[in-house]
Amino acid sequence: MKFSVTKEKLLEGLQQVQNVVSTRTTLPILSNVLLQANGNEVHLTTTDLDVGVRGSFEAQVEKEGATTLPARRLFNIIRELPSSEIQFDVDGKNTASIRSGQSFFKILGLPEEEFPPLPKFEGAKVVTIRQKDLRDGLRKTSYAISTDETRYVLNGVLFSFKENKLTLVATDGRRLAMLDIELEFPRSHEADIIVPTKAVTELQRLLAEDGEVKVSMGSGQIAFDLNNTLLVSKLIEGNYPNYKQVIPSEAKERVTLERETFLNSLRRVSLLASDKSNSIKLNFSKNNIEITANTPEVGEAKESLPVAYKGRDLSIAFNPEFLMAPLRNLIEDEVFLDLIDEMSPGVLKIQTPFLYVLMPMRISA
Amino acid sequence: MSRIRLLPEIVASQVAAGEVVERPASVVKELIENSIDAGARKIDILIRRGGISLLRVIDDGCGMDRDDALLSLERHATSKIRSAADLHAIATLGFRGEALPSIASVSRFRLTTREADAVAGTEIIVNGGKIDIVRDGGEAPGTQVEVRSLFYNLPARRKFLRSENTESRNIEHQLHLQAIGHPEIAFTFVRDDRLVLQLPRAANLHDRIRDLHGNELLERLLPLTSAGLGKIDIGGLIGQAGVSRQTRAQQLVFVNGRAIESPVVTAGLREGYHTALMKGQFPVTFLFLNLDPASVDVNVHPAKREVRFRDPTGVREAVVNSIRRALEGGRGDWQEKFRAPNISPLSALPIERETRPIEVQPAFAQQTIETLPRVAPSGFEGPRKLPDTTTPAEERIDKKVPQQFQIIGVLNKLYVLMENADGLVLVDQHAAHERILFEELRRRMEEQGVPSQKLLLPQTFDLSPRDAEWVERNMSILQKMGIGIEGFGPNTFKIDCLPAFLKTSDPVSFMQRVVDDLKSASNSSSPLRLGEETIAKTVCRHAVKANDPLRYLEVEKLIQDLLGCDLPYCCPHGRPTMIQISLAELEKKFGRRSAIQT
C-alpha cells in the first residue's frame, strides 16, 4: 500500500475515528486503526467491538492495499509532522514508513485480517433524519443519561419510532429528558431501541448542521450513515422503563423564565451548595423567585429573580446540577417551569415538543 | 428378624464420644470444666505427645465418694442438674453427664478422687468403657483424671488427629481460654515433662492477662463496662482501635464464664469497632458477658461451643454500645500517652523499609530552620505551644491534648516523624488528613440532615419475611438515612426517595444490600452510615497526598487536628494513620537489649 496525502486531510480523517479506540484493551488490534486504500480514497475504521466508526479521506493512491496501525500513536505523529505533504508506504509485513519533509517514521502495524469487521446491515429498516434535528435532539436529552451501571437499560438514549415521530428519551431515575422529532416512515418501521452512551457521544461529534443521516436498524445493531462517515453500534438489549407515566398530566403553576438569566442565577447561588448532594431552594412568591443555598460552616447565598408569577407561594428544593443541566443544553431564550407542589415533579418545557421532568429533594432534619 | 436393635452401652458411649470428644483438646476442656464445677482453686494439666499418649488433669476440688465416682462413669449421670427445669437456667459449665463416660469409652482411663474429709480415696480404672478395677487409694483431696492412649480403640478417629505439635497447641489454646475465663484458679501446664505455663491465682482478669500475654498487650487494652442496659452485664478488656490480628484466635468471648463462639457477638464486635478496624482484621477481645442463665441456652452444641440467646438483638446492642464507649473513652487516654495503634511487634521488614531512606525532605528542613525559631522559640525542647489561635475547636483540643510530641521532620514527603515519651511515631500525612476531613464532613452532613432525592418512578420490591420484619421495625432509621420507604402490602415495600449522594439507578438491589448491611449493624447507626463510603471517597481526593511537601505549621496543625478526631488511629478506609516504634524496639534492633521482657 502506498499513498500520499496532505496533513490536514489525514488529521481530519483520524480525528473522526480515533475516539472509539480503546486505550486499555487486552486485544491489541483494537487500539489500531484500519487503513484501506482504494481508488483515490483511503478508508479509516476503528472499533471497540461495541461501537465502530468508518471514515475516509482523499489521497493519491499509488498502490492499493490495507493495514492496521496504532491509532493514537499515528495521530500524535501526524499532528507533529513539519510539512503538509505526507508519503505513506506500507510493506508486506505491515511496517509503515511515513515521510514528511525531513522526518521519517517507521511504525509496526498488524495485518488487516485480524481487524474485526463491522457488521453488515442488509435488509435493515432505514429511516432518514435531518442531521441538525438529531444533533439538537441528542444535545437536549443526552445529559440525563444514567452513569450508574447497575441498570444498564438507562445507560443510553431511547429512540422510539412511533406514529411518524421519533421520540428521544434519557433518564437516570431522578430526572427525565424527552424530545420529539417529526418524521415520515412506514408503520412497519416502528420500533423502540436503546443506543448506548458511547455511540450517542460519538454521534453528536459527527453530526453536522446540514445534510441527512440514514439510520439503519438491524437486529441488535444500528448504523448511522452520514454520507462520508459511518457509525455502527450495538444496541442495549432490554426494555426501557415506561417513561410516559412519570410525566405529570397537569400543572398548577407555570412560570416563564429567561433561560440565560435563570441559569446564571442558579450558577452563582449553587456555589454555596458546595457538596454535591446539596440542594438549592426556589421560593416562589408574587412576581418573584428567591433562589437560596446554604452550607453550614461555609455560608449562604440568595438571589432574587423578578418573574411573572401569580400563583400561590411555594418552596421547592432541587439538586442544582439537575436543574442547570437542561438550561445549559437548551438554546431557546425562554423556558417554562411547571409546578404542582413541594413534593411533586417540576417540568421544564420550551415552545417545541420537549420536556424535562425533575424530582424535587426532601431535606430531612 | 427385627432390624432395629438397642445399641450396647459401650457403643452408645462411643457415639456420644464422637460429639463430645473430638480431639485431645476437647478432653482437656471437659476435664477442666469438671474441675472448675468442683470448685477447684488449682488445676494441673500434664500431657505427653500431644495428649494422645497421656493426658492428666489434677484438681483440688471437692472430690467424690466411691458411689458418686462410679456413678459419674454412667451415661447421663450428673450432679449438676436434677430436673428438666434446671436445663433452662444452667449455672454450671457442664450438665449433660456425658463427658466422663464418653472419654472413658475411647481411652485407657483412670480416675482417682478423695473428698477432703474422707479417710481414703477411690481409684477406678476403665479400659475402653469397661470398668476393670475399683479400689481404695490414698491421694490428696480432689480429683485426678488420667487418660492414656486416646482413641486406641477407634483407629478411624485416631487418623483424624493432627500432628502432636498441633494437638498440643490446641490444648494450650483451650487452656488459655479457661485461664482467662477463670483468673481465680491457678493453672500449670506441663508438656512432655517441660513446664510450659505456670499461672498463679490472679486477683483479676488484668493480672491474668499480664501473666499470659505480658505487659505489652495489656497496655493496649481498654476496660469494658456495661452500658447499664438492663440484664446484660458486660466486662473484660478489649484491644484499642488499631490493635488487631489476622485471625479470630484472640477474639475471646465468654458467656457466664463459658468460652463460646457466637455469630451474634461477633457481629456486635465488628459493628462496635466499625472503622477502627482494618478490613479483614479481627479485634483482640477478652469479652465477658454475664446474663441471667435463663436467657441463654447452652444446650445447642454437644461441646457447648455455641449458645443461643433469648434476645440476640439486645445482646448485640449491648456489645456494640459498650465497645463504642470503651473505644471513645480510650481516646483521651490514648492521646495522653500518645501511644500509636499498631505497636504490635512490628516485624523487621516494614521497619527497615520505613527507616532506610532517612533523609529529611530538604524543602521542609529548610523551612524548619528558617521558621522554627520565629514561630516557636522553644525549639525542639519542651512542650510546644499552639500558635495564637483561640477558635473553640482548637481550645477543645488544646485542653485535651498535652503536647507530648515533638515533630522531628517529614520523611519521604509522606511520613511525619515525631518523638514522644515512648519513642518514635510515624504519621502518614495522607491517611491522617483523610481522617480529619472525613470526620469534619460527616459531622457537617449529620448536622444538616441527609438530603434525599425523590425518584421519578417509585419502585416496589419484595423481601423475605424476616427481612420485611426488620424493615418494618427500622423504618424510621431508614427515613433518617434519606430513604423514602413505606409498606405496600405483606412483605412488599415501596421506595420513592434515595439519599442524594447515591448514584444508583437500581433502588431495589440497592435496598437489598442496605438491608443485609444494616441488619448486621446496629440500630443506633449514624444516619450517614450509607454515605460513609461516598464521603471517604470524596475526602480521599481532597486530602494532602504523598509527595505534597508540608510546611512546619501545616504539619503541626495536621497533628493537632488528628488528635482531635473521634477515631484518630486509622483513616476512613481502616488503614492506620500512625505507627509507633518504641524505644524498646529500637534498643532491641541496635542490640542494646537482647529481647523485650514481657
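Scroll up to find the structure this text is about.
Every value quoted in this text rests on a predicted model; they were computed, and no experiment measured them.

Peer 1: Got a minute to help me understand the overall build of chain A in this structure?
Peer 2: Across its full length, chain A holds 6 helices and 26 strands. Counting only residues that meet the buried cut, chain A has 54% of its 365 residues in that class. Considering only intrachain contacts with a sequence separation of at least 6, the fraction spanning at least 24 residues in chain A is 65%. Surface accessibility of chain A: about 17100 Å² in total, with carbon and sulfur atoms responsible for 46%.

Peer 1: What's the story with the overall build of chain B in this structure? I'm lost.
Peer 2: In terms of helices and strands, chain B carries 20 helices and 24 strands. For chain B, the share of sequence-separated contacts (at least 6 apart) that also reach a separation of at least 24 residues comes to 71%. With the model as given, the accessible surface of chain B reaches about 27900 Å², and the carbon-plus-sulfur share is 52%.

Peer 1: Teacher, can you tell me more about the packing of aromatic side chains here?
Peer 2: Tallied over the entire structure, the rule returns 8 aromatic pairs over all chains. Note on A:Phe159 and A:Phe224: the rings are 6.1 Å apart at their centroids and 55° apart in plane angle, and the pair reads as tilted. Of the two residues, A:Phe159 is situated in strand 11 (residues 156-162) and A:Phe224 in strand 16 (residues 221-226); the sequence distance between them amounts to 65 residues. Centre to centre, the rings of B:Phe254 and B:Phe288 are 4.6 Å apart; their planes meet at 10°, and the pair counts as stacked. Placement of B:Phe254 in strand 12 (residues 251-255) and of B:Phe288 in strand 15 (residues 285-290) is noted, with a sequence separation of 34 residues between them. By relative accessible area, B:Phe288 is classed as buried at 14%. Members of the aromatic cluster, joined through ring pairs, are A:Phe3, A:Phe57 and A:Phe88. Directly above the aromatic system of A:Phe336 lies the positively charged group of A:Arg254, at a separation of 4.6 Å from the ring centroid. Positioned above the aromatic ring of B:Tyr152 is the side chain of B:Arg108, whose terminal nitrogen or guanidinium carbon lies 4.0 Å from the ring centre.

Peer 1: Can you walk me through the interface of chain B and chain A in this structure?
Peer 2: The extent of an interface is frequently quoted as the accessible surface area lost upon association of the parts. Of the residues lining the interface, 30 residues belong to chain B; the matching set on chain A comes to 35 residues. Summing both sides of the interface, chain B and chain A together bury roughly 2600 Å²; the carbon and sulfur share of this comes to 50%. Of all residues in chain B, B:Gln453, B:Leu456 and B:Ser505 bury the most surface against chain A, accounting for 28% of the area lost on that side. Applying the counting rule to chain B against chain A returns 0 salt bridges. Summed over the shared surface of chain B and chain A, the number is 8 residue pairs in polar contact (both at pLDDT 80 or more). Of all elements in the fold, only helix 14 (429-448), strand 21 (451-462), helix 16 (475-480) and strand 23 (492-499) of chain B reach the threshold of two or more residues within the side of chain B that touches chain A. For the side of chain B that touches chain A, the element with the highest residue contribution is strand 21 of chain B, accounting for 8 residues. Taken together, the residues of the side of chain B that touches chain A break down into 13 nonpolar, 9 polar and 8 charged. Where strand 26 (residues 361-363) of chain A lies against strand 21 of chain B, 3 bridges are found, and the strand directions are antiparallel. Note that in strand 21 of chain B the partner of A:Ile363 across the bridge is B:Pro451.

Peer 1: Teacher, can you tell me more about the sheet that holds strand 2 (residues 32-38) of chain A here?
Peer 2: Paired through their backbone hydrogen bonds, the strands of a sheet run either parallel or antiparallel. Residues and elements named next belong to chain A. Taken in spatial order, the 8 strands of this open sheet run 6-2-3-4-17-16-15-10, and their pairing is antiparallel. The two strands at the open ends of the sheet, each matched to only one other strand, are strand 6 (65-70) and strand 10 (125-130). Adjacent strand axes in the sheet meet at a mean angle of 20°, parallel and antiparallel pairs treated alike. With 5 bridges connecting them, strand 2 and strand 3 (residues 41-47) associate as antiparallel partners. Its bridge partner lying in strand 3, Leu 34 is registered against Thr 45. Running at roughly 90° to strand 6, helix 2 (residues 71-80) makes contact with strand 2 and strand 6 of the sheet.

Peer 1: Is there a simple way to think about the packing of helix 2 (residues 24-37) of chain B against helix 6 (residues 164-181) of chain B in this case?
Peer 2: Relative orientation and spacing of two packed helices are given, respectively, by the angle between their axes and the distance between those axes. All names here are of chain B. Across the interface, helix 2 lies against helix 6 with an axial gap of 8 Å and an inter-helix angle of 25°. Between helix 2 and helix 6, the interaxial angle falls into the category roughly parallel. The handedness of the crossing between helix 2 and helix 6 is right-handed. Of helix 6, the residues touching helix 2 (which contributes Pro 24, Ala 25, Val 28, Lys 29, Ile 32, Glu 33 and Ile 36) are Glu 167, Asn 170, Ile 171, Gln 174, Leu 175 and Gln 178. Tallied by class, residues from the contact of helix 2 with helix 6 come to 7 nonpolar, 3 polar and 3 charged.

Peer 1: Got a minute to help me understand the packing of helix 5 (residues 259-269) of chain A against helix 6 (residues 320-329) of chain A in this structure?
Peer 2: All names here are of chain A. With their axes 10 Å apart at the nearest point, helix 5 and helix 6 run at an angle of 145° to one another. Crossing of helix 5 against helix 6: the hand is left-handed. On the side of helix 5, the interface is formed by Arg 259, Phe 262, Leu 263, Leu 266 and Arg 267, while helix 6 contributes Leu 323, Met 324, Leu 327 and Arg 328. Grouping the constituent residues of the contact of helix 5 with helix 6 by class yields 6 nonpolar, no polar and 3 charged.

Peer 1: I'm lost on the pairing of strand 12 of chain B in this one. Help?
Peer 2: Within a regular strand, the side chains alternate between the two sheet faces. Residue and element names in this part refer to chain B. Of all 5 residues that make up strand 12, 5 are buried, and the element is covered over most of its length. Burial along strand 12 is two-sided: Gln 251, Val 253 and Val 255 and Leu 252 and Phe 254, pointing in opposite directions, are all buried. By the bridge criterion, 3 bridges tie strand 12 to strand 13 (residues 258-260) in an arrangement that is antiparallel. By the bridge assignment for strand 13, Val 255 is matched with Arg 258. The turn linking strand 12 back onto strand 13 is made up of 2 residues, and Asn 256 within it adopts a positive phi angle of 50°.

Peer 1: Which parts of the structure should I look at to understand helix 9 (residues 263-273) of chain B?
Peer 2: Three- or four-residue spacings in an α-helix give side chains the same orientation, since the helix completes a turn every 3.6 residues. Burial analysis of helix 9 of chain B places 8 of its 11 residues in the buried class, which makes it a mostly covered element. Of the positions making up helix 9 of chain B, those classed as buried are B:Val265, B:Thr266, B:Ala267, B:Gly268, B:Leu269, B:Glu271, B:Gly272 and B:Tyr273.

Peer 1: Any chance you could explain empty space enclosed by the protein here in plain terms?
Peer 2: Summed over all chains, the structure comprises 4 cavities of 30 Å³ or more. What the largest cavity holds in volume is close to 160 Å³. For the largest cavity, the lining is made up of 18 residues, of which A:Arg151, A:Thr171, A:Gly173, B:Leu456 and B:Leu457 are closest to its centre. Broken down by element, the residue count for the lining of the largest cavity peaks at 4 residues, all from strand 21 of chain B. Residues belonging to the lining of the largest cavity are distributed by class as follows: 10 nonpolar, 6 polar and 2 charged.

Peer 1: Looking at this structure, I do not really get the nonpolar core. What am I missing?
Peer 2: Generally speaking, a soluble globular protein has its nonpolar side chains buried in company with each other. Counting residues in hydrophobic clusters, the biggest one holds 100 residues, and the most contacted among them are A:Phe3, A:Phe88, A:Leu134, A:Phe159, A:Phe224, A:Leu282 and A:Phe284. Among all residues touching A:Leu282, those that are not within four sequence positions of it are A:Phe262, A:Leu266, A:Ile289, A:Glu290, A:Ile291, A:Leu314, A:Ser315, A:Ile316, A:Phe318, A:Leu323 and A:Leu337. Among the nonpolar cores identified, the runner-up in size contains 56 residues, and B:Ala17, B:Phe151, B:Phe187 and B:Leu252 belong to it.

Peer 1: Can you help me understand unusual backbone geometry in this one?
Peer 2: Peptide bonds are trans in most cases, and residues, glycine excluded, mostly fall at negative phi. The backbone of A:Asn287 shows a phi angle near 55°, a positive value even though the residue is not glycine. Residue placement: A:Asn287 occurs in the loop between strand 19 (280-285) and strand 20 (288-295). Despite not being glycine, B:Asn547 shows a phi value in the positive range, around 75°. Of note, B:Asn547 is situated in the loop between helix 18 (532-542) and helix 19 (552-563).

Peer 1: What is the right way to read the pairing of strand 15 of chain B from this model?
Peer 2: All names here are of chain B. The buried fraction of strand 15 amounts to 5 of the 6 residues, a majority that puts the element mostly inside the structure. Sheet topology places strand 12 next to strand 15; 5 bridges connect them, and they run parallel. Within strand 15, the position partnered with Val 255 by the bridge is Leu 289.

Calculation criteria
Residues numbered from 1 in each chain as written. Chains lettered and ligands numbered in written order. Predicted model: local features only at pLDDT ≥ 70, side-chain atom pairs only at ≥ 80, totals over all residues. Heavy atoms only, no water. Helix = DSSP H or I, 4+ residues; strand = E, 2+ residues; numbered from the N terminus. Buried < 20%, exposed > 50% of the residue type's maximum accessible area, 1.4 Å probe, protein only. Contact = heavy atoms within 4.5 Å. Areas by Shrake-Rupley, 256 points an atom, 1.4 Å probe, with all protein chains shown as cover. Phe/Tyr/Trp six-rings, centres within 6.5 Å; stacked < 30°, edge-to-face > 60°. Lys NZ or Arg CZ within 6 Å of the ring centre and 35° of its normal. Buried area = accessible area lost by both parts, 1.4 Å probe. Salt bridge = Lys/Arg side-chain N within 4 Å of Asp/Glu carboxyl O. Polar contact = N/O pair within 3.5 Å; in protein donor to acceptor, adjacent residues only side chain to side chain. Nonpolar A, V, L, I, M, F, W, Y, C, P; charged D, E, K, R; others polar. Pairing = 2+ DSSP bridges. Axes fitted to C-alpha atoms, helices over the stretch in contact; angles between N-to-C directions. Parallel < 35°, antiparallel > 145°, perpendicular 65-115°, else oblique. Left-handed = near helix turned anticlockwise from the far one by under 90°. 1 Å grid on protein atoms, 1.4 Å probe; cavity = no way out; pocket = protein on both sides within 12 Å on 5 of 7 lines; lining within 4 Å. Points joined across faces, edges and corners; volume = space filled by probe spheres on them. Core = buried A, V, L, I, M, F, W, Y, C linked by side-chain atoms within 4.5 Å.

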